[in-house]
Amino acid sequence: MTQATAMRRRHRFNSRMTRIVLLISFLLFFCRFVYSAVGAWHHHQDKQQIQQISQTIEPTTTER
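Residues numbered from 1 in each chain as written. Predicted model: local features only at pLDDT ≥ 70, side-chain atom pairs only at ≥ 80, totals over all residues. Heavy atoms only, no water.

Colleague: Hey, could you run me through the overall build of the protein chain in this one?
Modeller: From N to C terminus, the protein chain includes one helix and zero strands. By residue count, 0% of the 64 residues in the protein chain fall in the buried class. Carbon and sulfur atoms make up 64% of the accessible area of the protein chain, which totals about 6,700 Å². (Helix = DSSP H or I, 4+ residues; strand = E, 2+ residues; numbered from the N terminus. Buried < 20%, exposed > 50% of the residue type's maximum accessible area, 1.4 Å probe, protein only. Areas by Shrake-Rupley, 256 points an atom, 1.4 Å probe, with all protein chains shown as cover.)

Colleague: Just checking my understanding: could you explain the packing of aromatic side chains for this structure?
Modeller: The description of an aromatic ring pair rests on the distance of the ring centres and on the angle between the ring planes. On inspection of all chains with the given rule, the structure shows one aromatic pair. Ring centres of phenylalanine 26 and phenylalanine 30 lie 6.3 Å apart, and the angle between their planes is 20°; on these two criteria the pair is classed as stacked. Placement of both phenylalanine 26 and phenylalanine 30 in helix α1 (residues 2-62) is noted, with a separation of four residues, approximately one turn of the helix. With a relative accessible area of 45%, phenylalanine 30 lands in the partly exposed category. (Phe/Tyr/Trp six-rings, centres within 6.5 Å; stacked < 30°, edge-to-face > 60°.)

Written out as structure tokens, the structure reads:
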């Protein structure tokens, strides 16, 4: 009987640790996704701004 309760306790501990590890992994994945999404958005905005600047500069140089 004591061996069965020890196994039950060990199983409960293993499943709890598994859930904790999975939760931490998910949080790291989610934070990494948010970080990369913000970086990609800033990069996209910078790229659009550079294109707008180059389009406004080009017509003035071709008019001369």
